[in-house]
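Now for the letters of each chain:
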Amino acid sequence: RAKGNNLTSYELFNVEMRQTVQEIFELETSLRQALEEQQFILHYQPIVSTNSLQLLGFEALVRWVHPDKDLISPRKFIPLAEETGLIIPLSEWIFEEACGQMAQWCAHFPIANSLKISVNIAAYHFQSPQFLATIEQTLAKTKLLGKNLKLELTESLLIKNTDRVLSLLPQLQKQGIEISLDDFGTGYSSLNYLKRFPINTLKIDKSFVDGLDYDSNQADVSIIKAIIYIAQSLGMNVVAEGVETDFQRKQLQKLQCEAIQGYLIFPPLTSQEATNFINSQLSVISNQ
Ligand code: C2E
Ligand code: MG
Ligand code: MG
Ligand code: MG
């Protein structure tokens, strides 16, 4: 047996494991509390036309405003919420909040009626038997029209739930709801799936967009070209995510990518900032 500081790798592993388990356990407890105490808020990141920068819609992104910790990334707490089942009440809250906000914008600003709010959908939420009913009830409750709503699904969700996707997507689209495929190109993409599933928009992952800079990575350029070509051939729209420089925007414009999202335009905004942005678009139009 090891003595003093001479821990065997087994024991060391155990100490590390215990710390991680403890951390996860604490995060889990505070996640539960966060839901009860409504510590979540949504931010809204503009999606705009690549050429004119005209506002097309927003992506809703959840934030956890923990009372005594720094902002915790959704990349950390969403997977944790999935493990604990808290993802269902959290997703339902996100969905209702996003739809409610969009409905409010539509009621206040005529131009908002042509915008779409994009909501990220967690796999567990999608898999739950009440998914479709919840969506319909929330639209009815918030008085949001389906045409103002877009759902962002990932490739892995698509592939793990092919039957369910094939039966649900047409039912959603019948109500005017559109479907985006998020982080496209990073998952297990099969062209066969693209053909079979009625997807409206491909979102090109930031990792490819990153390669579109002054010394452009030719492989990334080729991949983006190919994605845009596939999208056009199948009648889908394309959005590039994580656009940070005007050089990238110009490259994407040349490649005929119609919409962009990223820090170049705006980071995710608070609802107040997003409201101001819609307002500023209004005055742009009335000044013309
Ligand atoms: P995502 O859906 O691909 O969202 C895009 C992420 O990229 C967001 O990170 C956004 O803040 C960030 N981003 C946007 N533009 C730029 C840019 O120009 N540069 C850089 N470096 N980053 C940019 P965020 O908000 O931290 O979200 C991370 C991921 O967490 C999301 O990736 C999504 O998978 C998940 N997520 C976020 N909100 C929700 C939600 O409400 N529900 C679910 N199920 N998942 C969510
Ligand atoms: Mg997304
Ligand atoms: Mg994305
Ligand atoms: Mg992404």
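What counts, and where the lines are drawn
- Residues numbered from 1 in each chain as written.
- Chains lettered and ligands numbered in written order.
- Predicted model: local features only at pLDDT ≥ 70, side-chain atom pairs only at ≥ 80, totals over all residues.
- Heavy atoms only, no water.
- Helix = DSSP H or I, 4+ residues; strand = E, 2+ residues; numbered from the N terminus.
- Rg over C-alpha atoms; globule rule 2.2 N^0.38 Å.
- Buried < 20%, exposed > 50% of the residue type's maximum accessible area, 1.4 Å probe, protein only.
- Areas by Shrake-Rupley, 256 points an atom, 1.4 Å probe, with all protein chains shown as cover.
- Lys, Arg positive; Asp, Glu negative; His and termini not counted.
- Charge placed at Lys NZ, Arg CZ, Asp CG, Glu CD.
- Core = buried A, V, L, I, M, F, W, Y, C linked by side-chain atoms within 4.5 Å.
- Contact = heavy atoms within 4.5 Å.
- pLDDT = per-residue confidence, 0-100.
- Donors = N, O, S within 2.8 Å, 3.2 Å for Na, K, Ca; no water.
- Near = heavy atom within 4 Å.
- Polar contact = N/O pair within 3.5 Å; in protein donor to acceptor, adjacent residues only side chain to side chain.
- Nonpolar A, V, L, I, M, F, W, Y, C, P; charged D, E, K, R; others polar.
- Axes fitted to C-alpha atoms, helices over the stretch in contact; angles between N-to-C directions.
- Left-handed = near helix turned anticlockwise from the far one by under 90°.
- Pairing = 2+ DSSP bridges.
- Salt bridge = Lys/Arg side-chain N within 4 Å of Asp/Glu carboxyl O.

**Points about the overall build of the chain**
Part 1: When helices and strands are counted, the chain shows twelve helices and eight strands.
Part 2: Taking 288 residues into account, the globule formula puts the C-alpha radius of gyration at 19 Å, and the chain, at 21 Å, falls close to it.
Part 3: Taking the principal axes of the C-alpha coordinates as reference, the chain spans close to 75 × 50 × 40 Å.
Part 4: For the chain, buried positions account for 46% of its 288 residues.
Part 5: Total accessible area on the chain is roughly 15100 Å²; 53% of this is exposed by carbon and sulfur atoms.
Part 6: For the chain, the distance from the average position of its 24 positive side-chain charges to the average position of its 32 negative side-chain charges is 4 Å.

**Structural notes on the nonpolar core**
Part 1: Phe 58, Trp 105, Ile 117, Leu 149 and Leu 151 are the most contacted members of the largest nonpolar core, which totals 81 residues.
Part 2: Here this core gets eleven residues from one element, more than from any other, and that element is helix H3 (residues 87–108).
Part 3: Those residues in contact with Leu 149, other than ones at most four positions away along the chain, are Phe 95, Cys 99, Ile 117, Val 119, Ile 135, Leu 139, Leu 144, Gly 176, Ile 177 and Glu 178.

**Describing the confidence of the model for the chain**
Part 1: Scored by pLDDT, the chain has a mean of 91; 91% of the residues are at 70 or more.
Part 2: Across the interface, the model reports ipTM at 0.98; the global pTM reads 0.92.

**Details of the coordination of the magnesium ion (ligand 3)**
Part 1: Around the magnesium ion (ligand 3), the protein contributes the donor atoms Asp 182 (OD), Asp 183 (OD) and Glu 241 (OE), at 2.0 to 2.6 Å from the metal centre.
Part 2: The metal-metal distance between the magnesium ion (ligand 3) and the magnesium ion (ligand 2) comes to 3.5 Å, with Asp 182 coordinating both. Taken together, the positions of Asp 183 in strand S5 (residues 178–184) and Glu 241 in the loop between strand S7 (237–240) and helix H11 (246–254) put the pair 58 residues apart, joining distant regions of the chain.

**Structural notes on the site of ligand 1**
Part 1: Taken together, 21 residues lie near ligand 1, and Arg 63, Asn 120, Asp 182, Glu 244 and Tyr 263 sit nearest.
Part 2: With respect to ligand 1, the backbone of Val 62 contributes an N or O atom lying 3.2 Å from a nitrogen atom.
Part 3: One of the side-chain N or O atoms of Asp 183 is found 3.0 Å from an oxygen atom in ligand 1.
Part 4: Taking 800 Å² as the accessible area of ligand 1 by itself, protein coverage stands at 85%.
Part 5: Residue assignment for the shell around ligand 1 shows that the elements contributing at least two residues are strand S2 (55–64), helix H2 (74–84) and S5.
Part 6: Counting residues per element, the shell around ligand 1 draws most heavily on S2, which supplies four residues.
Part 7: Across the shell around ligand 1, the residue classes tally to nine nonpolar, four polar and eight charged.

**Re the coordination of the magnesium ion (ligand 4)**
Part 1: In the first shell of the magnesium ion (ligand 4), the protein supplies Asp 183 (OD) and Glu 241 (OE), at 2.2 to 2.5 Å from the metal.
Part 2: Here the magnesium ion (ligand 4) and the magnesium ion (ligand 3) are spaced 3.1 Å apart, with Asp 183 acting as a shared donor.
Part 3: Residue Asp 183 is classed as partly exposed on the basis of its relative accessible area of 26%.

**Examining the packing of H3 against helix H5 (residues 131–142)**
When two helices pack together, you describe them by how their axes are tilted relative to each other and by the distance separating the axes.
Part 1: Interaxial distance between H3 and H5 falls to 9 Å at its minimum, and their mutual angle equals 35 degrees. H3 and H5 meet at a crossing whose hand is right-handed. For the pair H3 and H5, the contacting residues are Glu 92, Phe 95, Glu 96, Cys 99, Gly 100 and Ala 103 in the first and Thr 134, Ile 135, Thr 138, Leu 139, Lys 141 and Thr 142 in the second.
Part 2: Taken together, the residues that form the contact of H3 with H5 break down as five nonpolar, four polar and three charged.

**Focus on the sheet that holds strand S6 (residues 201–204)**
Part 1: Around the barrel, which closes on itself, the eight strands sit in the order S1-S2-S3-S4-S5-S6-S7-S8 with mixed pairing between neighbours.
Part 2: The sheet strands contacting H2 are strand S1 (40–49) and S2, and the helix crosses S2 at an angle near 70 degrees.

**Here we look at the pattern of salt bridges**
Oppositely charged side chains can form a pair if their charged atoms are brought close together.
Part 1: Overall, the coordinates contain ten salt bridges when judged by the stated rule.
Part 2: Its salt-bridge partner being Lys 203, residue Glu 59 comes within 2.9 Å of it at the nearest N-O pair. Separated by 144 residues along the polypeptide, Glu 59 in strand S2 and Lys 203 in strand S6 bring together distant segments of the chain.
Part 3: A salt bridge links Glu 152 to Lys 203, with the nearest nitrogen and oxygen atoms 2.7 Å apart. Remark: Lys 203 occurs in strand S6 and Glu 152 occurs in strand S4 (residues 149–154); sequence separation between them is 51 residues.
Part 4: The exposure class of Lys 203 is buried, given its relative accessible area of 1%.
Part 5: Through salt bridges with shared partners, a single ionic network connects Glu 59, Glu 152 and Lys 203.

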